[in-house]
Every structure is written in C-alpha cells, then in structure tokens.
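Chains, contacts and geometry: an overview
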Amino acid sequence: MDTVWLARWQFALTALFHFIFVPLTLGLSFLVAIMETVYVKTGNETYLRMTKFFGKLFLINFALGLVTGITLEFEFGMNWAQYSKFVGDIFGSPLAIEATLAFFLESTFLGVWIFGWKKVSKKVHALSAWLVAFGTNISALWILIANAWMQHPIGYVIRNGRAEFVNFWAAVLQPYAILKFLHTVHAGYVVGAFFVMGISAYHLLKHQEIDLFKRAFKIGAYFGLYAAIVVFIIGDLHAFEVAKTQPTKLAAMESVWNTEKGVPLYLIQFPDEAHKRNAIQWFGIPKLLSILAYHNPNASIKGLKSFPRNDRPPVTITFISFRTMVGLGAIFIIFALIAYYLIKADRLLDKRWFLKLMLYAIPLPYLACELGWIVAEVGRQPWIVYGLLRTSQAVSTAVNTAQVVMTLIGFVFLYGTLGFIDIYLLFKYARKVPEPATTKGGY
Amino acid sequence: MLNTIWFALWGLLWAVYFMLDGFDFGVGILHLFVAKDDLERRMVINTIGPVWDGNEVWLITAGGATFAAFPTTYAYMFSYLYTPLFLILASLILRGVSFEFRGKIELEGWKRFWDFVIFLFSLMPAILFGIAFGNIFKGLPFDANGYHGTLFTLLNPYGLLTGVFFLLLFLEHGALWLSFKASNKVAERAKSTAQKTWPLLLIVAGLFLIFTKWATKLYNNYINHPVWFIVPAIAVISLVLIRIFMKTSYVKAFISSCVLIITVVFTGIIGLYPNLIPSSIDPACNLTIFNSSSSQYTLKVMLIVVIIFVPIVIAYQLWAHMLFKEAIKKEDLEDKEVAAY
C-alpha cells in the first residue's frame, strides 16, 4: 500500500461521506424556506409546524455536512501538497471565495433562523431561511467551479513550474462549471424532495397529521418533478460537454473500446477490462450513443483503445456507476410524475403501495448522487487535473504511509460513529409527530 | 505591495478567527466548571449557540486565503503540521456535532457524555493552535530536502509555552464572555474565574515575551523598525485594561480581551514578516510572502473579492451579534424558540 493509494481512499471516503449530508442540505434548505414563506403569506399555522418539523431534520443533517466539509479543505494541503502547490494559484481562489460568499451567509443566518424566532419579524425570519438556502447553493457553485477546473483546466498558463491564472472569468464561467453546478444542485433538490415525500408518506401511512403531511407531500411532489426533469436534461448536456472535453471519461462511462462512427447504445452491456472489450453487449439501439454524446447520429466516438494504456481510467466502476445513476434518474422522473398525478387527482391516500414505495425510495437519490461523484472522479483518473497533472504526482512528499494510515483509521472510526448517531437521530425525529403550534419546554 | 497586503490580511484572518472562536473554546472548556446542573450547562452552551458556527467560518476563510494567496505555504504548512492539524480537525468536528447532538436524547448519561466531549475538544484545539503558532514563530525544521520533524519536535518548550498562553487567553476570553452573556450564579462563577485566570495570564504572557527573545527571531523586525513596538504595547495595555474594567464593566473587559488577542497575533505576525513560515535549520528555505505566493493576477482578483465582500460579512455578523446581545436567562431555557440547544 503506497501513500497515493491511501490518500486516494481517504479522499474518496471523506468526500463521499461529506456528500451524504450535502445534497439534503441543498434541497431541504429551499423546501423549508418555501414552507415558511407559505406560512408567512397565508398565516396558516400548519405550515409553521411543517417548517419546524422539517427544519429540525434539516439541522440534524446540516451539523454533519458542515463539520465534514472542513476536512476536505484541510486535506488538500495535508495529503495533496504537491497538487496544492501546482494548482494553488487557481484552485485556492474559488475555495476562499466559497468561504467568503457562502459559508458566512449560511452559518450566520442559520444562527438567526434557529435562535431568532422571537428576535426578528416573521418576514425577516423567512428571509433568513432563504439566505441559508442561497448560501448553501452559492457554496456548491464555487466548489464545483473548482472541481470543473480539475476536469477541464482553462484560463491558465504553465509558469514557474505551476498553473497560473491568466483569465479568472474563463474558469468561472466555463460551460463545464455551470452545467456541473446545475446538475449537482438539482440532484440535491431531488434528494430533498424525495426526503420530504418519503417522510410524509410514512406519516400518511400511519394516519397521523394527514392534513399537514398531504400538504408537505404536495410541496415535495411539485419541487421533485421540476428537479427530476431538470437534473436529467442538464445531465444530458453535461455528458455532451464531457464528450468534448474528457474523451477518456466518456469512453469509460459508455465502455466504448473501438473508435467508430454512428455508435449504438447497448441496453445490456458489461465491460471486460482485461481483454479490452465488452463481455456482453445486447439490444443495441443504432446510433443512439452518438446522438447522446454528440447530438449527431453519425458522430465518431473515440474508443478506449485509441488512448495509451496509462491514460485510461478504470472502466468497470465508471461504467456501472454511470449506468446506475442514469437508470435512477429515469426512475425519479417516473415516481415524481405519479406523485404529481396522484396529488392532482387527490387520490394519494388510496394508493398505499405508492406511499410505501416513496418511503423506501428515500435512499435512492442519495445513491444516485454518490454514483455521480464516482463517475466524475474515477472517470477523470489517472489525472488529478485532466491532462495536466497525474494523481500519482500530487501527494505530499513530507507525509509518510503510517501518517495517512493513522488518519484514515481515525476518519473511518470518527465518521462511522458520528454518521451512525446522526442517521439514528434523523430516524428518531422523522418518526415523531410534529409538535403543536406553540410549544414550551422540551429540551 | 500586493504580497504585503495579503500578508496583513492573512494575519488579520487568523487574528479574527482566534478572537471569535477563542471565546467559544473558553466557553466550551469552562462549561463543566461554571455550570453545576443541566439547566446551567444549557445556559452556557446557548450563549454561543447562535454564533459559534459563524465564528468557525473564519478558520475556513483563513485556510482558504492561505491556499489562494500563498499556495506553497498552504501546501507545506498543512503537510508539515499533519498530526496536530488532524487532531484539530477531529476536535472541531466533535465539538461542532456535540452542540447539536447533546439535547436530542433525554438521557442523563448521553448529555454528560457530550458535555465531556465539548470540554475535551474545546481544550485540545485551544492548546494545539498555540503549539502550532509557537512553532511557526520559532520556525519549522525543513530545508531543500524536505521536512525533518515529527509531532514531538513540535512539543518543544517554546511551543508548549505558546500552547499554554493561547489556552489562558481563550479561558480569560470565554470567562469574560460568560460574565455578561450568562446570568445569575453562572455569571458570578464566570466573573470569579476571569479574575482568578488573569494573574496566570499575566505571568504566562510575560514569560512568552521573554522566551520569544531566545526562541525566535521575531524581535529583529522590531529592533529595525521600533515604531512597530506599538502593537505589543497595545497588547500589554489591553491586558491591564481587562483587570481595570473587571471592576466596572465586563463588556468593556471583554472588548479589551478582543483587542488583546488581535494584538498578540499581530505581535507574532509583524515579527515574522516577510516570512510566513521560517525554517529553523536553513534560512535560505524560509517560506516568504514572495517565494510562496500566488501570481500578481490572482492576488489582485482575490483582493477585489475581499474588499467587496468582507465588509458585508462583517456588517451582517455584527448585526447578528447585536441581535443576540441579551444575556441568557433561566426562563429563556424553558422556551426553545429562544434557547434551541
């Protein structure tokens, strides 16, 4: 086991763990803000209770998202010092901007939101919820601009043995960054919407607080339908951008080995990396892959074999993750459409099977988010900055294997314990019946 | 010029971070001692409830600014100080979740456990940040061949002294905060703690100033440019003012403590200039604001960002602090819309 391998595992685990909590924060922050706004507009106390119920779940989830984010910022310097030195001129800026523009906004107004029920007016309180939501989403924007630069470096020159900015806006406004941002936040909205629908379904199945949870389900269904459709469309445009900028990643995502024109999409397919071919490819739909990747039926797709062996990413994991993510994305649209229809037809309570389905569907959008990151990061290998710096050259030289092992064990233990407690608390408070409008005591 | 401005900003971000999270650390350590039952402990925790998270963001910003403005320093600082940083990170994670977790299950043992977590993991970063900065003032053992230290290299007498110094600074700071943010018996105990801590802080501050002469080269800049002695002088005056104000107003004593922490950090920062991290074995390898900085273009872009947005941040954080300026009273703890933890 070498330091590179250990540092990669550490980054993968800490980033994927962080991203268990982030997408719900992205989506639920807006949903809670919407609920509170409806309360302020209508004065209907049901929405106030709804806001507080989902607000509490938001906070339990938020705590772990917040603290696990700091790890990642430190990790670039601790484990990836050579990377930090090489890209710091470019990569450090969006991180610092993220903290300045987003984290302060998010954390300060979250404090106002939690502790300020009696300190500020209803409108300012609801505004605080919106500012928290904007804060989390602005944070996503800047960190994804940073990540997009690793996927598609732009606006730089190599000078003084490192990458230096010559055009800040080129990196900030590049399509890759904008698409990645939109795709990721909408994935978070799907997580939030399915979370709200799933928990509402649980209570509806138990016949408690029917009115409140029907209304909550409705908000979740509308938001979810919008998000599920948009995440899918943006995903397609994003893949189109990947095809242009990261041909090795695209080839791995689709497991294309030979360079061909008018490539079909095989519905059932499985890569055989050892023999540089597909073990199975059945039910090909002619030219579909060329259409999806390049929006042109006769486009040629470069196969993996046309790249040097040491420039190819791991194929199987990238391929499976991508396929599963896309499949899940399609399922989300179907579920959201059914939810929308049942709400419109007011038949939600009759369809207990669907309520059960939505309850057990809560983990699926989370899974899709994690798989999306695996596609993005494993598919970029062997590069840490695509085409510029290899992952193997990016680790800290001052750090030895024992140190990384120690911190890796530390993180696994720490995150394992905290993750278990946090999810336990989420379950505990999701099952509770929302409290009456005015409450005293409690904690 | 840009490099020097960024050096000052770098120092300022760390100074503001210590000024703000410093009282959170102090409060976290003291809550086991100034609060005698669950209600009192909740009172203590709720005094920092609305602000601790926003305070911690200054650390993320200081880290991010180091990365953006001085990437080579960021890379070396974080990989050389690997183990202490991991411990700080683990502490901040545990401290952060414990505020949220503590009140979520109504079991005596559960709450006591998280109380202890809050104590221990406020204590650790308070000392570790001191040790880390003491060693930065002193210089780290690296040369052209890399880093030659371990965790134990950092535990030298001067590093440990700085660790104790930071701990006492934060204890005093937290005790002063509780003196006017808590109420009744808790506030009284905090006041008495602040009064008892002050002489210790005075002694250790004196030792720090003396040992700095032998352990570091910080005073060279002051001897060459004596005008800068004004900064440590303000630190000493603030320290004395804390004592004087404790007789009349704990708010004023707390503000003096804020000034003290800022000027202590700047006493070190000015002494370091133009180094960010000096090498203790080969001065030719010192990481300076010139050889470890970003390009002029990046420094300029980031300066514009800072000039526009940091004043906005300061404005709304001050607004939030004013919103929660009232002391937490026992009856507030009955009402979860006022005291949420």
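To be clear, the structure that these remarks concern was listed above.
Below, the structure is looked at part by part. (Residues numbered from 1 in each chain as written. Chains lettered and ligands numbered in written order. Predicted model: local features only at pLDDT ≥ 70, side-chain atom pairs only at ≥ 80, totals over all residues. Heavy atoms only, no water.)

1. Focus: the pattern of salt bridges
All names here are of chain B. Under the criterion given, the structure shown has 21 salt bridges over all chains. Arg102 is the partner of Asp38 in a salt bridge, and the nearest nitrogen-oxygen pair spans 2.7 Å. With a gap of 64 residues between them, Asp38 in helix α2 (residues 38-48) and Arg102 in helix α5 (residues 82-102) connect regions that are remote in the sequence. A salt bridge links Arg41 to Asp115; the shortest N-O distance between them is 2.9 Å. Within this pair, whereas Arg41 is found in helix α2, its partner Asp115 is found in helix α6 (residues 108-138), the two being separated by 74 residues in sequence. We classify Arg41 as buried; its relative accessible area is 6%. Linked through salt bridges whose partners overlap, the residues forming this network are Asp38, Arg41, Arg102, Glu106, Lys111, Arg112 and Asp115. (Salt bridge = Lys/Arg side-chain N within 4 Å of Asp/Glu carboxyl O. Helix = DSSP H or I, 4+ residues; strand = E, 2+ residues; numbered from the N terminus. Buried < 20%, exposed > 50% of the residue type's maximum accessible area, 1.4 Å probe, protein only.)

2. Brief notes about the interface of chain A and chain B
At the interface, 78 residues of chain A touch 73 residues of chain B. For the chain A and chain B pair, buried surface summed over both sides reaches about 6800 Å², with 71% attributable to carbon and sulfur atoms. Counting across the chain A and chain B interface gives 14 residue pairs in polar contact (both at pLDDT 80 or more). Looking at the side of chain A that touches chain B, the elements that each hand over two or more residues are α2 (45-79), α3 (81-115), β2 (162-165) and α13 (401-431) of chain A. (Contact = heavy atoms within 4.5 Å. Buried area = accessible area lost by both parts, 1.4 Å probe. Polar contact = N/O pair within 3.5 Å; in protein donor to acceptor, adjacent residues only side chain to side chain.)

3. Quick notes on a nonpolar patch on the surface
Residues and elements named next belong to chain A. Residues Leu267, Ile268, Trp282, Phe283 and Ile285 make up a contiguous nonpolar surface patch of about 520 Å² in total accessible area. When contributions to the nonpolar patch are tallied by element, the ones reaching two or more residues are β4 (265-272) and β5 (277-285). It is β5 that contributes the most residues to the nonpolar patch, three residues altogether. Along the chain, Phe283 falls in strand β5. (Patch = residues over 30% accessible without salt bridge, like charges linked within 9 Å, V, L, I, M, F, W, Y side chains within 5 Å. Areas by Shrake-Rupley, 256 points an atom, 1.4 Å probe, with all protein chains shown as cover.)

4. Comments concerning α6(B)
Under the 1.5 Å per step criterion, the end-to-end length of α6(B) is 45 Å for 31 residues, consistent within 8% with the ideal 45 Å. Of the residues trailing α6(B), B:Gly139 is marked for its positive phi of about 105°. (Expected span 1.5 Å × (residues − 1).)

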